[in-house]
Amino acid sequence: MLGVRSRHLEFSVNETDVVIVGGSVAGLSAAIAAADAGLRTVVLEREARPPERPGETLHPGAEAVFNLLGIAAQVDSATTLRHRGIYVRDGENSYAEPYGGPPSAPWRGYQVKRDRLH
């Protein structure tokens, strides 16, 4: 039986259907989808505790994906800010660019601390 061992974990390749390298938003989304499909899934990170990073800025369109994956409530609890647009700096000019949506319900993106996603 072929296995993989590191300082932090041990798993059997013969007992794993999917190995995902990187626990970013995309990697974790892929892992959730694979596990929901009944696949034995392992997510590998370079470090047991990745270094502190400012976070992830996620487009409002990610909300539909969070609902599909069944993780919307968890993402909401990890969200530190729901913003209505992005700040653009173009050379010497800078301005706020809204995401869009109707004035009564503007689309809002997510600012999520990375360590709260894991």
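Residues numbered from 1 in each chain as written. Predicted model: local features only at pLDDT ≥ 70, side-chain atom pairs only at ≥ 80, totals over all residues. Heavy atoms only, no water.

J.: Run through the packing of aromatic side chains, naming residues and quoting values.
T.: As enumerated under the stated definition, the model contains one aromatic pair in all. A ring pair is formed by F66 and Y110, whose centres lie 5.2 Å apart and whose planes are at 80 degrees; its orientation type is edge-to-face. Residue F66 is found in helix 2 (residues 62-69), and its partner Y110 is found in strand 9 (residues 109-112); the two are separated by 44 residues along the sequence. Y110 sits in the buried class, given a relative accessible area of 2%. The ring of Y110 carries R82 above its face, with NZ or CZ at 3.8 Å from the centroid. (Phe/Tyr/Trp six-rings, centres within 6.5 Å; stacked < 30°, edge-to-face > 60°. Helix = DSSP H or I, 4+ residues; strand = E, 2+ residues; numbered from the N terminus. Buried < 20%, exposed > 50% of the residue type's maximum accessible area, 1.4 Å probe, protein only. Lys NZ or Arg CZ within 6 Å of the ring centre and 35° of its normal.)

J.: Please give an account of helix 2 that cites residues and values.
T.: Count 3.6 residues to each turn of an α-helix, and residues three or four apart come out pointing the same way. Buried residues of helix 2: A62, F66 and L69, and no others. End-on view of helix 2: buried residues confined to an arc of 70 degrees, all on one side of the axis. Exposed and facing more than 90 degrees away from the buried side of helix 2 are A64 and L68. Of the surrounding elements, those touching the buried residues of helix 2 are helix 1 (25-36), strand 5 (56-58), helix 3 (72-78) and strand 9. Two residues or fewer past helix 2, G70 is found with a positive phi of approximately 75 degrees. (Arc of directions from axis to C-beta. Contact = heavy atoms within 4.5 Å.)

J.: Before we move on, can you summarise the pattern of salt bridges with the specific residues and values?
T.: This structure, assessed with the given rule, holds two salt bridges. A salt bridge links D17 to R40, with the shortest nitrogen-to-oxygen separation between them at 3.0 Å. Of this pair, D17 sits in the loop between strand 2 (10-12) and strand 3 (18-21) while R40 sits in the loop between helix 1 and strand 4 (41-44); the two residues are 23 residues apart in sequence, bridging distant segments of the chain. By relative accessible area, D17 is classed as partly exposed at 41%. Among the ionic pairs, R82 bridges to E63, the shortest N-O distance being 3.5 Å. Within this pair, whereas R82 is found in strand 6 (residues 79-83), its partner E63 is found in helix 2, the two being separated by 19 residues in sequence. Owing to a relative accessible area of 34%, E63 belongs among the partly exposed residues under this scheme. (Salt bridge = Lys/Arg side-chain N within 4 Å of Asp/Glu carboxyl O.)

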